[in-house]
Each structure stands twice: as C-alpha cells, then as structure tokens.
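What the coordinates show
Residue-level listing of the chains:
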Amino acid sequence: MDRFMTGLEPGRDGLAALVDRALALKAAGRGPDPARPLAGRTVAALFLNPSLRTRASLEAAVVQLGGHLIPLSAGAGLWSLEFAEGAVMDGGAEEHVSDAAATLSRYADAVAVRAYPELVDWKRDREDAAVGAVARHATVPVINLESAMYHPCQGLADLMTWRELLGDDLRGRRLAVAWTWHPKALPMAVPNSVVLMASLFGMDVTLAHPEGYDLDADVLAAATAQAAAAGGTLRVTRDRGAALEHAEVVYARGWRGLPWYGKGSEEYQHKARLSHWTIDDLALARTADAALMHPMPVRRNVEVSDAVLASPRCAVLRQAENRLHVQKALLLKMLGPG
Amino acid sequence: MDRFMTGLEPGRDGLAALVDRALALKAAGRGPDPARPLAGRTVAALFLNPSLRTRASLEAAVVQLGGHLIPLSAGAGLWSLEFAEGAVMDGGAEEHVSDAAATLSRYADAVAVRAYPELVDWKRDREDAAVGAVARHATVPVINLESAMYHPCQGLADLMTWRELLGDDLRGRRLAVAWTWHPKALPMAVPNSVVLMASLFGMDVTLAHPEGYDLDADVLAAATAQAAAAGGTLRVTRDRGAALEHAEVVYARGWRGLPWYGKGSEEYQHKARLSHWTIDDLALARTADAALMHPMPVRRNVEVSDAVLASPRCAVLRQAENRLHVQKALLLKMLGPG
Amino acid sequence: MDRFMTGLEPGRDGLAALVDRALALKAAGRGPDPARPLAGRTVAALFLNPSLRTRASLEAAVVQLGGHLIPLSAGAGLWSLEFAEGAVMDGGAEEHVSDAAATLSRYADAVAVRAYPELVDWKRDREDAAVGAVARHATVPVINLESAMYHPCQGLADLMTWRELLGDDLRGRRLAVAWTWHPKALPMAVPNSVVLMASLFGMDVTLAHPEGYDLDADVLAAATAQAAAAGGTLRVTRDRGAALEHAEVVYARGWRGLPWYGKGSEEYQHKARLSHWTIDDLALARTADAALMHPMPVRRNVEVSDAVLASPRCAVLRQAENRLHVQKALLLKMLGPG
C-alpha cells in the first residue's frame with residue numbers, strides 16, 4: 001500500500017489489522033522502539049494549514065520508530081504553492097505542488113500532506129486537488145494528513161478508540177455524530193472519515209445536524225452501502241435529542257453547510273441560532289452513559305462545555321493519543337521492513 | 001523534580017549540583033554523548049514568542065544527549081492558543097493551552113514553553129497564565145523557557161557563568177544589574193531570575209535603574225530574604241555610577257517600568273531621556289575591571305556599545321554557550337535514567 | 001576547507017573530487033549511511049528566505065549521514081536580524097547577524113545561511129553583507145545556501161548534472177544559459193554560479209539575455225578568465241535563437257536586470273514584452289537535442305512550458321536530486337571524520 005488518502009485503501013481487514021498493531025504498540029509503551037525499524041528513513045510533511053496533534057503525533061511516531069520527519073509549513077519558509085494543473089504561473093504562487101511532490105520524493109521515503117479546502121466552492125473542494133496532485137506526482141508513499149474530503153489518520157484513530165471503548169466487535173454499536181456550532185467554517189473531512197470508518201465496521205450510526213448541513217451525497221451513499229454490507233445502519237436526523245438517546249458514543253464536530261459555501265459571513269448570523277447544538281451536561285445526560293469524542297482542537301464552551309470535557313466520559317485525549325499509535329502502525333505498514 | 005518554572009525548584013544545593021554537572025558536561029565537549037542517555041526521548045517545545053538561543057540551545061542539548069526536539073512555533077503552523085480558564089472560545093483562538101499541554105503530554109516525554117507577557121496589565125502578567133496552564137495540565141515534566149516572571153534557564157546559565165568568572169564561592173561577590181534603554185518594551189523575567197539566583201548564592205547585588213523601573217515587590221522581598229540567609233546583600237539605587245564602581249560583574253538588561261504598562265508608546269518619549277544608561281567604555285571604566293553580561297539578543301550601540309561587546313571583558317557569548325550546558329544538566333536531571 | 005561561500009573555494013580539483021564523491025553516494029542509494037559519519041554533529045541553518053529544495057535536501061543530507069539539522073526560519077520564530085556593521089540598533093531588528101552567527105557557533109558544528117538581496121541597490125547587494133557577516137563571525141564551518149551573488153550548492157549540483165549528462169570531460173561541451181521572463185524580480189546568484197562553474201571546467205558557455213540583463217562585470221571577467229585557462233569560451237548574446245542552436249544543455253533562469261534596480265514595478269511592464277523568452281517546444285526544437293535544466297522553483301508556462309517540463313529531455317528533477325548528493329559530499333568534506 002503506497003497511498004493512504006481516503007483511509008479506506010487498506011480495506012476492512014487491513015484496517016482492523018492496523019488497529020490490532022496500534023493496540024499492541026500502545027501496550028508496548030510510547031517510548032522508542034529498540035529495533036528502530038525506520039532507522040534512516042525520512043518523511044517529508046507539507047503542512048499547508050495549522051496543526052498541533054497532526055504535526056506532533058506524526059513527528060513523535062516517526063522518531064519513536066527511529067526515523068526522521070522534515071516538517072515544511074506554509075507561511076514558515078515554504079514557497080507558496082500552485083494547485084491547478086496547467087496553470088500559467090504568473091501570479092503569486094512560486095511553485096507547483098506537483099513539482100514540490102516530485103522534488104520531495106527525491107529526498108524522502110514518504111510524503112505527507114495536509115491541505116484544507118477553501119470552503120467557497122464545494123464542487124471544486126471535493127476534487128481534493130492539492131492532496132490529489134501530491135498523490136499523483138509523488139514517487140514514494142503518500143499519507144493524507146487532512147484534505148477537503150478525508151482525515152484518514154483521524155478516522156483510523158477513532159476506529160481504534162471505538163475498539164477500546166466498545167470492544168472488538170463494533171457491529172450494531174451505537175454512534176451518534178452530532179454537528180456542533182463553531183465560530184469558523186470547517187471542512188467535512190472529519191465527519192466524512194468518521195461516518196465511512198464506522199459504517200465499514202457495521203456500527204449503527206446516527207448523523208444529527210441542522211437543516212442545510214448534509215454531508216456529500218456520494219459519501220453518504222458509500223457509507224450506507226458499507227453499513228448494509230457490514231450489518232450496520234446509517235440514519236440522518238435533525239432531531240439531535242433522539243439521536244443522543246440511545247448513543248453509546250457521541251462524536252461532536254462542526255462543519256460548514258453547503259448552502260453557506262461562497263456566502264462569506266452570512267453563515268454566522270445563521271449559526272448564532274444554532275448555539276443550542278453545544279454538547280453540555282444536559283445533552284450528554286440524554287444518552288446511554290455515552291463517551292464523548294471530538295477530534296480537537298475543541299472550542300471550549302462553544303462546541304463542548306468545560307464540564308463535559310472534564311468528565312470521565314470524555315475520550316478526546318484518548319483519541320488524540322491514539323493518533324500516535326495508529327500512525328506508527330501505518331508507517332510500519334507503508335515504510336517498515338518486510 | 002518535574003517542574004522547572006521559577007528556576008528555584010531544585011533548591012540551592014540542587015542548583016549548585018546542576019551547575020557542577022553543566023561544568024563537567026562543558027569540559028567533556030559539546031559533542032554527542034556516546035551513552036545517548038535521552039535516546040528515543042522526545043521534548044515538545046511551544047515557542048509562543050521568537051527565540052534564537054533558546055530554540056537552538058535546547059534543540060542542540062536534546063540532540064547531543066541522544067533525544068529529539070519537536071519545536072512548535074506560534075505563527076508557523078501552530079493553532080492560536082487561548083489562555084484564560086473557563087473562556088467561551090468563540091473568538092480567534094483555536095485551541096486552549098490546557099488542551100495543547102495535555103495533548104503534547106501524550107506524545108512527548110517533556111513539554112517546554114516560552115510565553116511572553118502582554119506588558120499592558122502587570123497584575124495579569126504576573127500570574128503567568130500561559131506557562132502556569134501548561135504546568136497544571138501537562139502530565140510530563142515541564143520547563144519554562146521564559147515567561148512574564150521568570151527565565152530560569154537563563155538564570156541557571158548565569159549562575160554557571162558567575163562560577164566560571166568568580167570561582168565556586170559566590171558569597172560577597174559583587175554583581176551590578178544595570179537597567180538599559182531599549183527601543184521595545186521587555187518583560188522583567190530576566191532581571192527577576194538574575195536577582196533571585198544571585199541572592200540565593202549570597203552575592204552582593206546592586207540593582208541600578210531609573211525611577212519607575214522597580215522590579216516586582218514580591219520578587220525583591222524574596223531576593224532580600226534569600227540574600228540575608230546566604231550572607232549576601234541586595235541594594236537598589238538610581239545612581240548607576242556608584243553601582244558600577246565596585247562591581248566585579250555588570251549585568252546589562254532593559255525592561256519596561258510598571259508606570260508605563262498600558263500606556264503604549266508614551267514610554268519611548270520618556271526613554272529617550274534615558275539613553276545615557278547605555279553600557280559603553282566609559283561606563284565600564286568605572287568598574288573594578290568588571291566582566292559584562294547580557295542575556296542577548298543585545299541591541300548594539302543602544303544597550304551596549306560595539307566596543308564593549310568586542311572587548312575581552314565581554315562574557316555574553318560565554319553566557320549563551322552556557323545555556324547549552326545547563327540545559328543538558330537539567331534535561332538529564334528531569335528525564336535522564338536513574 | 002571551512003567556508004563554502006562562492007563555491008570556488010575547493011578549487012577545480014577539489015570540486016571535481018566533490019562531484020566524484022557525490023556520484024558514488026548517489027550510486028550507493030539515498031538511504032542512511034550505516035557508518036553515520038556525522039553522528040551527533042549538528043548543523044544550524046538560518047533560512048532568511050523561503051526554500052523547499054534547499055531546506056529539504058540539506059536536512060535529508062545531514063540526517064542520512066547520521067547528523068541533525070536545526071532549521072531557523074525568518075518569520076517563523078526567529079528574531080529579525082540586523083546586517084549592517086556598526087548599526088545603532090534602535091529600530092525593528094532585534095539581533096545582529098554577527099551575534100546570531102557567533103551564538104550558533106557555540107551550539108552547532110556548522111552554520112548554513114540563505115539570504116536573498118533586496119534587489120534595489122546593486123552596489124549594496126553585491127557586497128553580500130548577510131552571508132559575509134555570518135562567514136566572518138561564525139567560528140565553525142559556514143555554507144552559503146544562496147546569497148545575492150552565489151548559489152554554490154546549486155552550482156555544484158549543476159556540475160554533477162553536467163557530468164551525468166555529458167560525461168566526465170566537460171571541455172568544449174556546449175551550454176546555453178537562457179534568461180527567462182519571470183513575474184518576480186530574482187537575484188543573479190544562480191546564473192553567476194552556473195557561469196562560474198561551467199567556465200571553470202572549460203565548457204563553451206553562451207549566455208543569452210535581453211538588453212539590460214547583463215551579469216555583474218566582475219563575475220563575467222572571472223568566468224572569461226577561467227574559461228580561457230580551461231580551454232573553454234564564454235560568449236554573451238541577445239540572439240537566443242542562435243544561442244540555442246548548438247546547445248547540448250539549455251539552462252533556463254530569470255533574473256532582474258541592473259537597470260530595474262530601485263525602479264519597483266516598472267520592470268514588469270517592460271518584461272511583458274519579453275515573454276517570448278519562455279522555453280517551449282519550439283525553442284527546444286532549435287537545439288542539438290539539448291537537455292533542459294532549471295534550478296527550480298519553476299514558473300510553469302511562464303519560464304518553461306508544461307510540455308518541455310514533461311519531456312524526457314527535462315533534467316530539473318535530476319538537478320534537484322543532485323542537491324542532496326553534492327551536499328552530502330560537501331558535509332563529509334567539511335565535517336566528516338578524517
């Protein structure tokens with residue numbers, strides 16, 4: 001496997017095996033692997049957007065396996081990049097992303113890339129041009145660190161977290177993905193990856209969001225088909241209360257709704273009316289003693305209340321830690337010996 | 001010891017032992033330690049403000065001991081952070097510093113943090129909210145790389161430098177801390193740490209500054225008590241000439257005076273009248289052949305003249321180098337085996 | 001050799017030996033050197049301008065040899081630097097570059113620096129104050145990663161590429177350096193280093209550019225003398241067609257012409273008339289089946305067409321890769337054992 005872009009490339013069995021390995025790595029402790037299986041291997045990472053967990057967990061994962069990360073961040077010494085194929089580059093962009101990907105392939109053993117969408121034109125965003133160009137032009141393995149469409153490392157960490165919280169067999173286990181108000185427009189990458197990963201393993205997924213916040217139709221269709229094949233279900237509702245009622249796990253996360261693409265700040269006037277979508281003690285009390293998940297960074301007292309984040313039911317740091325372990329498993333699969 | 005925040009946590013004997021070890025490390029050469037006592041250990045460092053010595057000396061220290069540094073810099077790919085406990089995070093800050101600290105504790109074996117104050121509201125600044133939040137929420141050792149109140153790694157490097165310049169017994173040795181004009185408002189962290197460290201070891205400290213530039217009353221009281229216990233003295237004067245006269249070491253450094261907090265650029269009109277506080281040959285000629293110290297970066301020909309910085313009495317690069325050695329001693333104490 | 005600033009320091013035989021070693025390193029594979037000849041050695045790199053190849057290839061080179069790079073980037077947590085000797089530093093610059101160089105020499109085993117010129121005042125630019133100050137004040141080996149005048153690591157990678165494309169004896173081999181239109185003002189460092197390196201090895205160099213784009217007279221005189229001594233030639237022409245006709249290698253690259261220094265955007269109105277200097281299929285068809293070189297980043301469809309960059313005659317990624325190998329050879333020479 002030399003591309004981890006949607007997160008579904010390894011297939012269901014491959015993903016389960018990655019989580020098994022991540023659980024074993026976690027049990028072994030987060031310290032250095034004495035065998036240093038990535039000794040002398042280098043991963044170049046293009047961070048075209050901010051990060052904390054992604055940068056730090058990837059660097060720690062590579063280092064603990066004996067390798068080295070070269071982090072390259074937009075606005076911190078990196079050339080500005082052009083993403084459009086065939087562009088006449090007489091504007092501000094200094095280098096085409098395809099040339100950056102091809103160049104880094106000459107130095108590093110893998111290329112990782114994080115590239116958010118503009119959240120203005122959905123048709124354009126969903127083509128995932130930036131990470132797609134890296135995937136096409138890199139001649140070494142490529143890892144998607146979050147694009148317009150997918151956040152596969154987060155999805156894999158979440159799969160591991162569900163396994164820890166609910167046990168090895170996830171069929172029929174009840175996950176509520178709950179949209180939250182967020183002061184800034186966010187991509188759909190996380191909910192897409194969560195819904196795809198949960199449905200692939202047969203969970204009963206309820207997706208709760210206000211009118212106008214539907215996920216991409218193709219993603220929903222794929223998740224529905226996966227759920228049917230795996231013995232699970234996928235439902236979409238605007239009634240968050242009902243969605244929470246039977247949930248064993250609540251996954252909170254905001255995203256921009258398609259009607260607001262290209263409409264600038266209008267969304268925020270609208271969103272103000274949706275601030276009751278915050279996850280607080282009252283919301284969590286409606287559930288079946290559910291755990292609370294969120295991919296972080298979390299807007300405290302906006303997306304989730306301080307009290308919920310401080311409660312023993314909160315699993316967000318466990319999720320964050322699991323990023324480290326699943327990425328180690330993934331790096332071993334993509335770059336490890338044998 | 002799992003917190004190095006004020007720099008006084010190790011106690012007097014502990015600090016002396018750290019300097020002993022740093023001197024031994026310096027004698028052994030700055031190259032790699034063949035035993036690699038931090039092999040596979042990772043330190044995550046949050047640089048919320050610029051640095052050169054701090055970043056480079058910390059990275060070199062960690063690497064020479066066989067470990068790895070993950071540097072995360074504000075404005076260079078890091079989320080913007082919220083520092084207030086209980087904040088409703090609907091503004092520009094993406095992540096709470098407590099979540100950043102807790103997350104990094106899941107990946108790294110220690111967290112270091114540099115966070116300057118705003119220099120607008122002293123009551124608020126002196127609470128050291130940013131580094132305090134990291135210290136409370138990290139579950140691994142924490143190192144303060146300069147906050148509103150303390151610059152303990154600098155203080156420890158200075159202690160080592162005094163030992164090198166003056167010998168092992170610092171009691172009664174004469175240090176003049178001389179305020180200098182600086183075109184930009186600076187925090188009191190360095191003079192606080194210098195005065196606290198020198199008084200703890202019984203030096204005779206004279207603090208010379210213009211009217212309105214008093215250090216924090218609690219810091220002065222603590223330093224006075226420490227001096228008394230250790231057989232030293234602490235005096236404050238506006239007569240720099242007299243302060244220099246008997247000094248064996250002159251420590252130059254500017255800081256913002258409390259009356260100017262919240263007053264924007266007014267201070268600079270005032271400061272212009274204070275430009276004779278520059279340390280030049282004439283100033284140094286008044287001393288007992290004193291060495292010149294400064295924590296750097298130094299504003300040449302504003303804080304200290306080119307001629308003084310080029311003279312053999314100038315110890316600023318020695319101080320800078322000693323940052324490396326004391327930080328290695330500190331890392332060994334906090335993270336090393338045994 | 002402890003300075004690699006113009007790139008000519010090793011002398012002709014020394015440069016040939018560096019390329020021999022780089023070719024051997026390339027043949028051995030880009031992976032880690034099991035002997036880790038730079039184990040525990042640290043290189044501090046000041047990136048005062050953006051980079052991708054330079055940063056990533058230097059970090060990969062150091063790491064593959066077992067060492068460690070500390071990258072410090074302007075605008076990403078580094079103090080702003082003053083370059084003028086004797087400056088009264090009461091402005092925005094926080095630290096003098098000489099102090100930065102001296103400080104880093106206390107932590108690292110070599111200092112590398114990339115510093116572009118302002119492209120406003122040629123007399124000032126050509127003094128190369130920033131890298132010159134680093135070279136004077138560093139007490140460890142210094143590598144120039146591109147200055148106003150020279151890009152010696154690029155020149156060395158190009159020499160290696162000519163050896164690969166044309167064979168070991170470069171005397172009389174035909175190189176056309178072709179100016180290209182570029183939407184942004186660029187320094188002359190690359191063409192200077194290309195012309196100096198090619199002439200030193202006796203190539204027949206034709207430099208084609210529009211009126212007003214002459215290289216520095218001293219560089220041209222030095223290159224002419226070198227060419228004469230080595231059995232080669234250096235010609236300058238405004239007739240690009242004729243220059244291309246016999247070329248075995250075409251080296252495309254734009255730079256700001258001296259008449260436009262200090263004239264802001266006026267150059268761009270002028271340049272628009274020069275867009276036919278783009279290298280496209282038609283241009284390349286005039287050559288003797290020439291290879292196409294360019295130091296990257298390349299403005300696609302402005303400097304060079306997509307079609308030419310996609311053709312098998314395009315050697316730009318080979319050049320980029322060779323940066324890695326020559327820098328490894330250089331690091332071994334400057335820092336390696338023995």
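Nothing here was measured: the structure is a model prediction, and the numbers come from that model. In this convention, every chain numbers its residues from 1, walking through the sequence in written order. Ligands are numbered from 1 and chains lettered from A, in the order in which they are written. Per-residue local features of the predicted model are confined to residues with pLDDT of at least 70, and side-chain atom pairs are confined, for both listing and counting, to 80 or more; whole-chain, interface and lining totals are unaffected and use all residues. Values reported for side chains reflect all heavy atoms of the structure, with hydrogen atoms and water molecules removed beforehand.

**Details of the relation of the copies chain C and chain B**
Least-squares fitting of chain C to chain B yields an RMSD of 0.0 Å, with the transformation described by 0.0 Å of translation along the axis and a rotation of 120°. When the rotation and shift are considered jointly, the pair of chain copies conforms to a three-fold rotation axis. In terms of C-alpha distance to the rotation axis, chain C has Ala76(C) as its closest residue, with the C-alpha 2.9 Å off the axis. It only takes one pair of heavy atoms within 4.5 Å for two residues to be counted as in contact. Both copies present different contact surfaces, since only 11% of the interface residues of chain C are interface residues in chain B too. Only residues with pLDDT of at least 70 in both copies contribute their C-alpha atoms to the least-squares superposition of the copies.

**Quick notes on the relation of the copies chain C and chain A**
Note on the identical chains: chain C maps onto chain A by a rotation of 120° and an axial translation of 0.0 Å, with an RMSD of 0.0 Å. In this assembly, only 8% of the residues forming the interface of chain C have copies in chain A that are likewise at the interface, indicating a heterologous arrangement.

**Comments concerning the sheet that holds strand β1 (residues 3-4) of chain A**
Residue and element names in this part refer to chain A. Spatial strand order, β1-β7-β6-β2-β3: five strands in an open sheet with parallel pairing. Two strands in the sheet have a free side with no partner beyond their single neighbour: β1 and β3 (68-73). The sheet contact formed by β1 and strand β7 (residues 142-144) spans two bridges and is parallel. Within β7, the position partnered with Arg3 by the bridge is Val142. For helices, the fitted axis covers only the stretch in contact; all axes are lines through C-alpha atoms, and the angles between them, taken along N-to-C directions, range from 0 to 180 degrees. In this description a helix means any DSSP run of H or I spanning at least four residues, a strand means any run of E spanning at least two, and both kinds are numbered starting from the N terminus. The sheet strands contacting helix α13 (residues 316-335) are β1, β2 (42-47), β6 (110-114) and β7, and the helix crosses β7 at an angle near 155°. Strand pairing is assigned whenever DSSP detects at least two bridges linking the two strands.

**Points about the interface of chain C and chain B**
With 38 residues of chain C in contact, the opposing surface of chain B contributes 37 residues. Surface buried jointly by chain C and chain B totals about 3000 Å² across both partners, of which 55% is contributed by carbon and sulfur atoms. By buried area we mean the combined loss of accessible area, with a 1.4 Å probe, across both parts when two parts are placed together. Sorting the residues of chain C by area buried against chain B places Trp79(C), Arg106(C) and Tyr107(C) first, and these three jointly supply 28% of that buried surface. Between Lys or Arg on one side and Asp or Glu on the other, a salt bridge is scored when a side-chain nitrogen of the former is within 4 Å of a carboxyl oxygen of the latter. In this assembly, chain C and chain B are joined by six salt bridges. For the salt bridge of Arg30(B) with Asp109(C), the shortest nitrogen-to-oxygen distance reads 3.8 Å. The term polar contact refers here to a pair of N or O atoms within 3.5 Å; inside protein, the definition further demands a hydrogen-donor-capable atom paired with an acceptor-capable atom, and it admits residues adjacent in sequence only when both atoms are side-chain atoms. On inspection of chain C and its partner chain B, the count reaches 20 residue pairs in polar contact (both at pLDDT 80 or more). Gly falls in the polar group here, along with every residue not listed as nonpolar (Ala, Val, Leu, Ile, Met, Phe, Trp, Tyr, Cys, Pro) or charged (Asp, Glu, Lys, Arg). Tallied by class, residues from the side of chain C that touches chain B come to 19 nonpolar, twelve polar and seven charged.

**Side note on the interface of chain C and chain A**
Each side of the interface is counted separately: chain C has 36 residues, and chain A has 37 residues. Both sides of the chain C and chain A interface together cover about 3000 Å² of buried area, and 55% of this is carbon and sulfur. Sorting the residues of chain C by area buried against chain A places Arg30(C), Leu52(C) and Arg299(C) first, and these three jointly supply 21% of that buried surface. Taken together, the links from chain C to chain A amount to six salt bridges. Linking chain C with chain A are 20 residue pairs in polar contact (both at pLDDT 80 or more), by the criterion used here. Of all the secondary structure elements, the ones that give two or more residues to the side of chain C that touches chain A are α2 (53-64), β3 (68-73) and α13 (316-335) of chain C. The dominant element in the side of chain C that touches chain A, judged by the number of residues it contributes, is α2(C), at eight residues. Here the residues of the side of chain C that touches chain A sort into 17 nonpolar, seven polar and twelve charged.

**Notes on the pattern of salt bridges**
Using the criterion set out here, one finds 69 salt bridges over all chains in the structure. Notably, a salt bridge pairs Lys184(B) with Glu94(C), separated by 2.7 Å at the nearest N-O pair. Taken together, the positions of Lys184(B) in the loop between β8 (174-179) and α7 (189-200) and Glu94(C) in the loop between β4 (81-82) and β5 (95-96) put the pair across two chains. Note that Glu321(B) is salt-bridged to Arg106(C), the shortest N-O span being 2.9 Å. Residue Glu321(B) is found in helix α13 (residues 316-335), and its partner Arg106(C) is found in helix α3 (residues 97-107); the two belong to separate chains. Connected through shared salt-bridge partners, Asp20(A), Arg163(A) and Asp168(A) make up one network.

**So, helix α6 (residues 152-166) of chain B**
By definition here, a helix of n residues has an expected span of 1.5 Å times n minus one. In this model, α6(B) (15 residues) spans 21 Å end to end at C-alpha, consistent with the 21 Å of a helix rising 1.5 Å per residue. Of all 15 residues in α6(B), 13 are buried; the element is thus mostly enclosed. For every residue, the accessible area (1.4 Å probe, protein chains only) is compared with the maximum for its type, and the residue is labelled buried under 20%, exposed over 50%, or partly exposed between those bounds.

**With respect to the sheet that holds strand β3 (residues 68-73) of chain B**
Strands pair in a sheet through their backbones, by hydrogen bonds, and they do so in one of two ways: parallel or antiparallel. All names here are of chain B. What the five strands build is an open sheet, ordered β1-β7-β6-β2-β3; its pairing is parallel. The open sheet has two free edges, formed respectively by β1 (3-4) and β3, since each of these has just one partner strand. Relative to strand β6 (residues 110-114), strand β2 (residues 42-47) runs parallel, the two sharing five bridges. Residue pairing for β6: Leu46 is matched across the bridge by Val113.

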